[in-house]
Structures are given as C-alpha cells and as structure tokens.
Amino acid sequence: MKGKKVVLGSASVRREQILRMMGVKFVKIPPCVDENIGKNISPLLLCKKLAKLKAEAVAMQCDSSCLVIGADTLVYLDGKILGKPADMEEARRYLQKLSGRTHSVYTGVCVHYKRKSRVSFTKAMVSFAELSCVQIDQYLMTKEPYDKAGAYALQGIAGQFVSKINGDWLTVVGLPASVLAELVGKSL
C-alpha cells in the first residue's frame with residue numbers, strides 16, 4: 001500500500017486501529033449505505049455484499065487512484081444475524097443468547113482500486129462463557145455493546161466473556177489483516 005492514497009470506508013474506530021497497527025497511512029471516510037439489504041441472505045454473502053457496497057460508495061467520492069477499503073462484520077447464531085442492537089433490551093437479548101454458547105462471526109472485506117473491486121471474507125467461531133444477569137447488566141451500563149454487531153466488543157470489556165476463538169481474532173474485531181493484505185496484493 002506504500003505510495004498509494006489509502007481510504008478506509010468505515011466509521012469504525014476498531015478498523016482504524018487495525019490499519020494503524022499494520023503501519024498503513026490512510027484517511028477515513030464513513031460510507032453512507034443502507035445496511036438493511038435483506039435478512040434472507042446467507043451471512044457469508046451478506047458480509048461480502050455490504051463490504052463491497054461500502055467500499056464502492058466511498059470510492060465514488062475519491063479519485064480512481066485511491067485504494068479504498070470497505071468491511072462488514074456479522075454475528076450469526078441459530079440461523080439469525082445479530083446486528084447492532086437497537087436498544088438496551090435488544091442488547092440484553094443478544095447477550096443472553098450468546099451466553100454459554102458458540103457463534104459464528106463473519107467479516108467481509110473489499111478493496112476497490114482503479115474501478116475494480118476484490119472481495120473476500122473470513123469466519124471465526126467464538127465461544128462465550130456462561131454470563132450471569134449481573135454480568136450482563138453491568139456490561140450494558142458500559143455503553144460498549146450498542147454500536148457493535150452481536151452487542152459485544154472482543155477487544156473491549158467483553159473480551160472477558162470469550163472462552164475460546166477458533167479463527168482469526170481480527171475477524172471478530174472487524175478487519176482481518178491477512179485477508180486485507182491478500183486483496184491488496186491482488187489489486188495492485
């Protein structure tokens with residue numbers, strides 16, 4: 001990515017931190033896209049489609065020489081996508097469902113460069129410890145769960161709830177560096 005103007009098409013602080021950790025210099029432009037494009041689609045296809053929509057929406061605001069990164073993360077359990085909770089009660093329901101169970105996390109990544117998009121994804125399996133009502137209530141008071149898919153942040157306070165991860169932990173955080181590097185390599 002050296003020598004290229006890199007644009008992160010995301011409002012996510014976590015994705016911003018991952019790019020900084022990778023040593024990437026970038027500008028951040030949050031995409032303006034409707035993420036409610038259908039719940040009757042597989043999480044694999046949905047995360048890829050949303051990542052592409054985000055990257056392409058931001059790319060329309062940039063010069064074609066910009067390398068634009070879009071990503072989307074989904075939490076999936078019992079055949080349902082657990083998105084960002086609308087309110088405290090929905091966050092509570094999500095955390096109760098996740099308690100003591102293993103769920104899937106999918107992150108789609110898109111790199112848009114010179115009018116071409118390349119898209120991929122990763123999947124991780126995340127196991128939660130049993131959570132008490134008190135633990136859930138205390139976590140809800142932190143305000144951390146409200147802008148996170150599945151109502152939790154692995155890299156935050158909720159990290160203590162996770163007993164096991166099978167897969168890349170950056171998938172769960174929201175931007176798998178290995179997938180991003182592979183897509184950038186194919187795009188240049």
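Calculation rules
Residues numbered from 1 in each chain as written. Predicted model: local features only at pLDDT ≥ 70, side-chain atom pairs only at ≥ 80, totals over all residues. Heavy atoms only, no water. Core = buried A, V, L, I, M, F, W, Y, C linked by side-chain atoms within 4.5 Å. Buried < 20%, exposed > 50% of the residue type's maximum accessible area, 1.4 Å probe, protein only. Contact = heavy atoms within 4.5 Å. Helix = DSSP H or I, 4+ residues; strand = E, 2+ residues; numbered from the N terminus. Pairing = 2+ DSSP bridges. 1 Å grid on protein atoms, 1.4 Å probe; cavity = no way out; pocket = protein on both sides within 12 Å on 5 of 7 lines; lining within 4 Å. Points joined across faces, edges and corners; volume = space filled by probe spheres on them. Nonpolar A, V, L, I, M, F, W, Y, C, P; charged D, E, K, R; others polar. Phe/Tyr/Trp six-rings, centres within 6.5 Å; stacked < 30°, edge-to-face > 60°.

Asks: Explain the nonpolar core here, please?
Replies: Most often, soluble globular proteins keep nonpolar side chains buried together rather than apart. Ranked by internal contacts, the top residues of the largest apolar core, which has 44 residues, are Leu19, Ile69, Leu95, Phe128, Tyr152, Leu175 and Leu180. Not counting residues up to four positions away in its chain, the partners in contact with Phe128 are Leu95, Leu98, Ser99, Gly100, Arg101, His103, Tyr152, Phe161, Val162 and Ser163. Core analysis: the second largest hydrophobic core is formed by 9 residues, Ala51, Ala55, Cys66 and Val68 among them.

Asks: Sorry if this is basic, but what is going on with the pairing of strand E5 (residues 102–113) here?
Replies: Two faces belong to every sheet, and in a regular strand the side chains alternate between them. A large share of E5 lies buried, amounting to 11 of its 12 residues. Taken together, the 12 bridges between E5 and strand E6 (residues 116–128) define a ladder with antiparallel strand orientation. Along E6, the bridge assignment pairs Tyr106 with Lys123. In this antiparallel pair of consecutive strands, E5 and E6, the connection spans 2 residues, and Lys114 shows a positive phi of 50°.

Asks: Looking at this structure, I do not really get the layout of surface pockets. What am I missing?
Replies: It is a probe the size of a water molecule, rolled over the atoms, that shows where empty space is left. Of the pockets and cavities examined, the largest pocket occupies roughly 840 Å³. What lines the largest pocket is a set of 43 residues, and nearest its centre among them are Glu35, Asp72, Thr73, Lys84 and Ala149. Those elements that place two or more of their residues in the lining of the largest pocket are helix H1 (13–21), helix H2 (43–59), strand E3 (67–77), strand E4 (80–82) and helix H5 (169–173). Ranked by residues supplied to the lining of the largest pocket, first place goes to E3 with 6 residues. Its residues placed into classes, the lining of the largest pocket shows 22 nonpolar, 10 polar and 11 charged.

Asks: Can you walk me through unusual backbone geometry in this structure?
Replies: Trans peptide bonds make up most of the peptide bonds, and negative phi angles are found at most residues other than glycine. At Asp78, a position not held by glycine, the phi torsion is positive, near 55°. Tracing the chain through its elements places Asp78 in the loop between E3 and E4. A relative accessible area of 52% means that Asp78 is categorised as exposed. A positive phi angle, near 70°, is found at Ala151, a position not held by glycine. Assignment of secondary structure puts Ala151 in the loop between helix H4 (133–141) and strand E7 (162–166).

Asks: Hey, could you run me through the packing of aromatic side chains in this one?
Replies: Aromatic ring pairs are reported here in terms of the distance separating the ring centres and the angle at which the planes meet. For the coordinates displayed, the defined rule picks out 5 aromatic pairs. Each ring, one from Phe128 and one from Phe161, has its centre 6.2 Å from the other, and the planes form 50°; the classification is tilted. Pair noted here: Phe128 is in strand E6 and Phe161 is in the loop between H4 and E7, with a separation of 33 residues, a long-range link. Accessibility classification places Phe128 together with Phe161 in one group, the buried group. One aromatic cluster in this structure is built from Phe128, Tyr139, Tyr152 and Phe161.

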